[in-house]
There are 2 protein chains.
Amino acid sequence: MNAVIAVDVMGSDSGPAALVEGLKFALDRRAPVEYIAVGDEDVVEPLLKKFGIFKDPRVSMFHASEVVSMDEKPMQALKHKKDSSMIRALELVKLGKAQAVVSCGNTGVLMTAGTIKLRTLEGIERPALGSIMPGRDRNFVMIDVGANPDPKPQNLLDNAVLGANYARAILGMEDPKIGLLCNGTEEGKGNSLVQGAHKLLKAAEGTINYAGRIEGFDVFEGDCDVVVCDGFTGNLLLKTLEGATKMFKGILKEELTRTFIRKIGIWLARKAFYDFKERIPVEKFSGAPLLGLNGLVIKAHGSSEARQFEGALGIAARCITEQMNRKIAEDIARISPFIAQTKAQALEG
Amino acid sequence: MNAVIAVDVMGSDSGPAALVEGLKFALDRRAPVEYIAVGDEDVVEPLLKKFGIFKDPRVSMFHASEVVSMDEKPMQALKHKKDSSMIRALELVKLGKAQAVVSCGNTGVLMTAGTIKLRTLEGIERPALGSIMPGRDRNFVMIDVGANPDPKPQNLLDNAVLGANYARAILGMEDPKIGLLCNGTEEGKGNSLVQGAHKLLKAAEGTINYAGRIEGFDVFEGDCDVVVCDGFTGNLLLKTLEGATKMFKGILKEELTRTFIRKIGIWLARKAFYDFKERIPVEKFSGAPLLGLNGLVIKAHGSSEARQFEGALGIAARCITEQMNRKIAEDIARISPFIAQTKAQALEG
């Protein structure tokens, strides 16, 4: 069976046209993947025609009359937006018609509805949002960046397994090195959550490639391929980095264009900025999967443009063809005896 | 009485010479501040002479035969390094001979020894580390960046009071706007700690200028003057930002110097980079105070050079002359009835 992706082409800040164009770019790559464009026929059909992919045998349409808005509450949406493109796309995965959903829509609704509709994989209590981050020499996975703000130590061990498999599928790493994000690397460092998670990760060593605690200084230096954290911290880090990057870029641009001489200088050196951008491939990795569910849910940035959406579709395709979820289930089965043992010991101690 | 600062000139990665030079720069500013250089006489005296400040009436020496090393454990140092420059400097504050300590030494030891020797101000349970961060148009205070990785909601309220007073003293803000760092601004967002702290901060509104939750995207945009968080998250944010900045700078530099043409371009635009640096004044604010103690403890970066150390000394002087600690005590006294009430309500509910 081919990989099939249910594409929510409605919910986004950029509008359906950008997303359908992204779908066209994905089709151009000629991978053996099929897509179901989910959304209002009256909107989607003309767009598929406009981008010349209406008759492509790899594309089908699934009508959904509603759209989940960006400020809707999860339980509200589940109750009142049953015929929305997002909910319908999730149902296509639940029914086995597709293996993945890709959506730019409301993150809270996508995560809650995804978890309720698809349920977690056996042995996993809570899903986690993974994100690919740029490193100096190679990219790495940060997990969780926002699904579970109040996890238990056990959840961080699950995050390690999920993140490692995501790094294998998307970054092609064979034995990803896992680090636990902490405010220091010495024994005893961390809040109580991290201290508990450290013990569990240590106990699972051998099954997972755990390298110990890692500090914020070092995450970009390639010391670890997977950086594990709670969803509150991960979300703050991701957004603060985005904020800082925007600020630095803004100030630098202002300064570089302040005088005529500077403008000439920067025109001469302009290729450096393209190459800089090239080395930090944010577009390619602009989708964050909600990992640990029976089926794949990819959250693309709310304001994704066509190329970014294509990147998110590519991530979905890769996770499917690499059979990531099957491998996660195998890993979880392999570590569960360790966990049971550690838990029993903790109860005895 | 003049402001008096006890200066630990021994414990640092850059060596005592850089720190004594920093002291010289601070003296050049001719503020009404006295300094006690604490350290091994055989090292300190020649350095004071070298930089021509040995006979300056504003400088005295206090001999301490030992140095706390960077990998020492706090309780070890307290027990076995009683005659170290750091411990002696703290004692000078305890004895009322100085109002502040500035040290580049071992952070863990400085925080633990500082807390044990000086004790917290009445009404404050745990001290917090404040840091001044660069914003697009103006700087802001982030607190706590590492003192207390596992706080209770009440501690975050104290952080708000401490941070607001620090912003008043150092950034000259009259009524600093306080934000609570969170993974979203909607009601109900945050981990359980932040949800609890939000309620307390709301209850203290009127006494403090609480603006609500703030997301990572927005901290650099000037929405808030004080960003409150737990010491685990704050430390990770600070270090991750430092790591990211280093990486971006490194990659940009590589790209900008890759070809001869780019080098010419960048030479023409070189002043833009100076101006960029000027707008992000990290040196001026390179000391982070441990706030909430009976006395002031300023942690300067372990590898501070002279100008950075001068910045840390300047922060100490400013906090003393602005009578920051007296104002913190007044604020705490003012909000304590609110807190007692909120706690009583929480127990009843």
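Residues numbered from 1 in each chain as written. Chains lettered and ligands numbered in written order. Predicted model: local features only at pLDDT ≥ 70, side-chain atom pairs only at ≥ 80, totals over all residues.

Asker: With reference to specific residues and values, describe the environment of Gly 231 of chain A.
Answerer: Residue and element names in this part refer to chain A. Mapped onto the secondary structure, Gly 231 falls in helix H8 (residues 231-256). Exposure remark for Gly 231: the 25 C-beta atoms within 10 Å place this residue in the buried category. Counting along the chain gives 80 residues from Gly 231 to Pro 151, while the straight-line C-alpha distance between them is 7.6 Å. Every residue in contact with Gly 231, bar those within four places of it in the chain, is listed here: Ala 128, Leu 129, Asp 144, Val 145, Gly 146, Ala 147, Asn 148, Pro 149 and Pro 151. (Helix = DSSP H or I, 4+ residues; strand = E, 2+ residues; numbered from the N terminus. Buried ≥ 20, exposed ≤ 12 C-beta atoms within 10 Å, placed from the backbone. Contact = placed C-beta atoms within 7 Å.)

Asker: Got a sec to walk through the relation of the copies chain B and chain A? Specific residues and values, please.
Answerer: In this structure, two copies of a chain are linked by a rotation about an axis accompanied by a shift along it. Structural alignment of chain B on chain A gives an RMSD of 0.0 Å, achieved by rotating through 180° and translating 0.0 Å along the axis. Look at the turn and shift together and you get a two-fold axis relating the two. Within chain B, the C-alpha atom positioned nearest to the axis of rotation is that of Gly 265 of chain B, 1.8 Å from it. A shared interface surface links the copies, since 100% of the contact residues of chain B are contact residues in chain A too. (Least-squares fit on C-alpha atoms with pLDDT ≥ 70 in both.)

Asker: Pulling in residues and values, what's your account of the sheet that holds strand E8 (residues 210-214) of chain A?
Answerer: Strand pairs in the sheet, formed through backbone hydrogen bonds, run parallel or antiparallel to each other. Residue and element names in this part refer to chain A. Ordered in space as E3-E2-E1-E4-E11-E10-E5-E6-E9-E7-E8, the 11 strands form an open sheet in which the pairing is mixed. Strands with a single pairing partner mark the edges of an open sheet, and in this sheet they are strand E3 (59-63) and E8. Strand-to-strand twist in this sheet, taken as the mean axis angle between neighbours without regard to direction, amounts to 25°. The sheet contact formed by strand E5 (residues 128-133) and strand E6 (residues 140-143) spans 4 bridges and is antiparallel. Bridging from a neighbouring strand, Met 133 pairs with Phe 140 of E6. In the packing of helix H2 (residues 41-50) onto the sheet, contacts are made with strand E2 (33-39) and E3, and the angle to E3 comes to roughly 165°. (Pairing = 2+ DSSP bridges. Axes fitted to C-alpha atoms, helices over the stretch in contact; angles between N-to-C directions.)

Asker: An account of the packing of helix H1 (residues 16-28) of chain A against helix H11 (residues 306-321) of chain A is requested, with residue identities and associated values reported.
Answerer: Residues and elements named next belong to chain A. Orientation of H1 relative to H11, taken along the N-to-C sense of each, is 55°, at an axis distance of 7 Å. The orientation of H1 with respect to H11, classified from their angle, is oblique. Considering the relative orientation of H1 and H11, their crossing is right-handed. In contact with Ala 18, Leu 19, Glu 21, Gly 22, Leu 23, Phe 25 and Ala 26 of H1, H11 contributes Ala 306, Arg 307, Phe 309, Glu 310, Leu 313 and Gly 314. (Parallel < 35°, antiparallel > 145°, perpendicular 65-115°, else oblique. Left-handed = near helix turned anticlockwise from the far one by under 90°.)

Asker: Outline the interface of chain B and chain A, supporting the account with residue identities and numerical values.
Answerer: As a measure of interface size, the accessible area lost when the parts come together is often cited. In this assembly, 45 residues from chain B lie in contact with 46 residues from chain A. Those elements that provide at least two residues to the side of chain B that touches chain A are helix H8 (231-256), helix H9 (260-268) and helix H10 (270-279) of chain B. Residue contributions to the side of chain B that touches chain A peak at 17 residues, all from H8 of chain B. Classifying every residue of the side of chain B that touches chain A by side-chain character gives 21 nonpolar, 12 polar and 12 charged. (Nonpolar A, V, L, I, M, F, W, Y, C, P; charged D, E, K, R; others polar.)

Asker: Provide a residue-level description of the nonpolar core, including the pertinent values.
Answerer: Ranked by size, the top nonpolar core spans 224 residues in total, and within it Ile 5, Ala 100 and Ala 316 of chain A together with Ile 5, Ala 100 and Ala 316 of chain B carry the most contacts. Ile 5 of chain B has contacts with Val 33, Tyr 35, Ala 98, Ala 100, Val 102, Leu 313, Ala 316 and Ala 317 of chain B, leaving out every residue within four places of it along the chain. In this structure, Leu 268 and Ala 272 of chain A together with Ala 269 and Ala 272 of chain B belong to the second largest nonpolar core, which totals 9 residues. (Core = buried A, V, L, I, M, F, W, Y, C linked by C-beta atoms within 7 Å.)

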